Amino acid sequence: MELDRRYDDFTLLVDGKEAFPEILRCIAEAKKSIYINMFIWRDDEIGNAVAQAVLDAAERGVQVEISADRYGVVLEKSEECKKSFFHKHQTLAEKIKTAALELLYPMEGAPRQAKDEETALYRAIMTHPNIRVSCDEFKADHSKFYIIDGEILILGGINIEDKENGADMQGRVYQDYMAVLKGAQYVDAFRAKTAQFAEENCGYSFGINCKKPRRYFEMEQRYLDLIDEAEEELVITMAYFSPLPRFIQAIIDAHRRGVKVTILVPERANYQNDTNRKTVRRLLRETNNGITVYFSPKMVHTKLVANEKTVSFGSTNITKKAFAQLTELNLFVQRNGEIFPTQLMESVAENQCLARRVEDWREIRYNRLLAWLEGFLV
């Protein structure tokens, strides 16, 4: 039988160690245009490396557009180096939110305070005639993607920050994915989806939530469809996993109809750790330990849902905020034996092997007060 070559133009990038060299290479080779849409962009080593690459591209005549949503400033200032590349100053409301996060989630190794000043590189970016930056608008945009020369689309869950390029200041190794789609047809399909919500029917598709040009939120239902359509297996790897009733019931129903359900979450998440534990504890209890739950030693930043036919990954967590408030972006691909989806699911399996299986729901402890508070945040 002739193999379907639909994913020949797709490349999987595992973690920042693979993603950032490819991102920097694509920026360095850009000839006409660069568009970057980013949630977190820190003023740290990798943040400055990407910024310098962008400035170098602009110097050789490439037209650059950057969207760094104001929504990310509170997270940028509350952990790690506490420096944002673009958001140098906070409003009073943002400072209060940042202080609240620092109180709820104290980060060992992170500085108590950081003087976030305008750097020469920042000023060069902001004043360059070939670079246009949007960083003051609060759009609640959690998606991460790059478009290079209208011919390369890079998308996934990796922010521009040092911890995504290895480990955070508390020693947690970060785990996530990006995908490179090479070809103008993919960029055109992506633009049609985000502008006109046009659907693709070619083995892959984009799942989006957005508020403009009109409100269009589909990711909750598309995740639920993957769960409901599972006949043999259901795999969920999730950074932040809330016990939403529709998802709890859908996963329990999948288990009851004989689907092998496997869920992986970080053992010690940077945020929402108690909510994650509450969710998987309930799922184990309700299925009498019939599903498989893993706690990863890594800070799993991945947002992935897969059944035996289709896998989706990108920026969308299973939380109320992700489904109702945030702009999100996921890639859906059919699992047809081709290299790209096979490599992705092999990587998922490798991370499961490195994780600790929870044998009984009674093993899982969590802070009920924190989980309750997190319910309002996410």
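Residues numbered from 1 in each chain as written. Predicted model: local features only at pLDDT ≥ 70, side-chain atom pairs only at ≥ 80, totals over all residues. Heavy atoms only, no water.

Next up on the list: the overall build of the protein chain. When helices and strands are counted, the protein chain shows 12 helices and 18 strands. The C-alpha atoms of the protein chain give a radius of gyration of 20 Å, which matches the 21 Å a tight globule of 378 residues would have. With respect to the principal axes defined by its C-alpha atoms, the protein chain has extents near 60 × 55 × 40 Å. Within the protein chain, contacts between residues at least 6 apart in sequence are counted, and of these 77% link residues at least 24 apart. Each charge class in the protein chain can be summarised by its mean position, and for the 52 positive and 58 negative side chains these summaries are 6 Å apart. (Helix = DSSP H or I, 4+ residues; strand = E, 2+ residues; numbered from the N terminus. Rg over C-alpha atoms; globule rule 2.2 N^0.38 Å. Contact = heavy atoms within 4.5 Å. Lys, Arg positive; Asp, Glu negative; His and termini not counted. Charge placed at Lys NZ, Arg CZ, Asp CG, Glu CD.)

We now examine the confidence of the model for the protein chain. Model confidence for the protein chain is summarised by a mean pLDDT of 94, while 98% of its residues fall at 70 or above. Confidence over residues 1-5 falls short of pLDDT 50; this stretch has 4 contacts with residues more than four positions distant or in other chains. (pLDDT = per-residue confidence, 0-100.)

The next point concerns the side chain of D176. Summarising the element assignment, D176 is placed in the loop between strand 7 (174-175) and strand 8 (177-182). A polar contact of 2.7 Å, which involves the side chain of D176, links it to the side chain of H301. Among all residues touching D176, those that are not within four sequence positions of it are L13, V14, D15, G157, I158, E164, H301 and T302. (Polar contact = N/O pair within 3.5 Å; in protein donor to acceptor, adjacent residues only side chain to side chain.)

Okay, the environment of R222 next. With respect to the helices, strands and loops of the structure, R222 is situated in helix 7 (residues 219-229). Take R222: its relative accessible area is 18%, and that puts it in the buried class. Within the structure, the side chain of R222 is placed 2.8 Å from the side chain of S205, a separation counted as a polar contact. (Buried < 20%, exposed > 50% of the residue type's maximum accessible area, 1.4 Å probe, protein only.)

What the rule picks out here adds up to 20 aromatic pairs. Ring geometry for F197 versus Y216: centroids 4.1 Å apart, planes at 10°, classification stacked. In this pair, F197 sits in the loop between helix 6 (184-196) and strand 9 (204-210) while Y216 sits in strand 10 (residues 216-217), placing the two residues 19 residues apart along the sequence. Y216 carries the same exposure label as F197, and that label is buried. The interplanar angle of 35° and the centroid separation of 6.5 Å between the aromatic rings of F313 and F340 together place this pair among those described as tilted. Highlighted residues: F313 in strand 16 (residues 310-314) and F340 in helix 11 (residues 339-353), separated in sequence by 27 residues. (Phe/Tyr/Trp six-rings, centres within 6.5 Å; stacked < 30°, edge-to-face > 60°.)

Let us now look at unusual backbone geometry. The phi angle at E80 is positive, at roughly 55°, despite the residue not being glycine. Among the secondary structure elements, E80 is positioned in the loop between helix 3 (73-78) and helix 4 (92-104). Although it is not a glycine, N288 adopts a positive phi angle of roughly 55°.

This part takes up the sheet that holds strand 8. Whether parallel or antiparallel, the strands of a sheet pair through hydrogen bonds between backbone atoms. Taken together, 7 strands build an open sheet; the order of strands is 1-8-6-5-2-3-4 and the sheet is mixed. This sheet does not close on itself; its edge strands, each paired only once, are strand 1 (10-14) and strand 4 (131-134). For this sheet, the mean angle separating the axes of adjacent strands, direction not counted, is 10°. Pairing between strand 1 and strand 8: 5 bridges, direction antiparallel. The partner of F10 across the bridge, within strand 8, is L181. (Pairing = 2+ DSSP bridges. Axes fitted to C-alpha atoms, helices over the stretch in contact; angles between N-to-C directions.)

The subject of this paragraph is a negative patch on the surface. Residues D228, E229, E231, E232 and D253 make up a contiguous surface patch of negative charge. Checked against the element boundaries, E231 lands in the loop between helix 7 and strand 11 (233-238). (Patch = residues over 30% accessible without salt bridge, like charges linked within 9 Å, V, L, I, M, F, W, Y side chains within 5 Å. Areas by Shrake-Rupley, 256 points an atom, 1.4 Å probe, with all protein chains shown as cover. Salt bridge = Lys/Arg side-chain N within 4 Å of Asp/Glu carboxyl O.)

Let us now look at the pattern of salt bridges. The final tally for this structure, using the stated rule, is 21 salt bridges. The partner of K182 in a salt bridge is E22, and the shortest N-O contact between them spans 4.0 Å. Note that K182 is positioned in strand 8 and E22 in helix 1 (residues 15-29), a separation of 160 residues in sequence. Linking R356 and E363 is a salt bridge whose minimum nitrogen-to-oxygen distance equals 3.4 Å. By relative accessible area, which is 37% here, R356 ends up partly exposed. Salt bridges linked by common partners bring E22, R25, E29 and K182 together as one network.

Moving on: the nonpolar core. If you look at the biggest cluster of nonpolar residues, it comprises 38 residues, and the most contacted ones within it are I27, I34, I36, W41, V54, F86 and I125. At 8 residues, helix 2 (residues 45-59) tops the list of elements feeding residues into this core. Other than its neighbours up to four places away in sequence, I125 contacts A51, V54, L55, F85, F86, I131 and V133. In this structure, A230, V305, F323 and I364 belong to the second largest nonpolar core, which totals 34 residues. (Core = buried A, V, L, I, M, F, W, Y, C linked by side-chain atoms within 4.5 Å.)

This part is about the packing of helix 8 (residues 245-256) against helix 9 (residues 273-286). If you want to describe how two helices pack, look at the angle between their axes and the distance between the axes. Orientation of helix 8 relative to helix 9, taken along the N-to-C sense of each, is 35°, at an axis distance of 10 Å. Our pair here, helix 8 against helix 9, has a crossing hand that is right-handed. Listed contacts from helix 9 to I248, I251, I252 and R256 of helix 8 are T279, R282, L283 and E286. Of the residues that constitute the contact of helix 8 with helix 9, the class distribution is 4 nonpolar, 1 polar and 3 charged. (Left-handed = near helix turned anticlockwise from the far one by under 90°. Nonpolar A, V, L, I, M, F, W, Y, C, P; charged D, E, K, R; others polar.)

As a further point, take the side chain of Q272. Counting through the fold element by element, Q272 comes out in the loop between strand 12 (260-266) and helix 9. Overall, the relative accessible area of 2% leaves Q272 in the buried class. The contact partners of Q272, leaving out residues within four places of it in the chain, are Y105, Y240, F241, S242, T319, E374 and V378.

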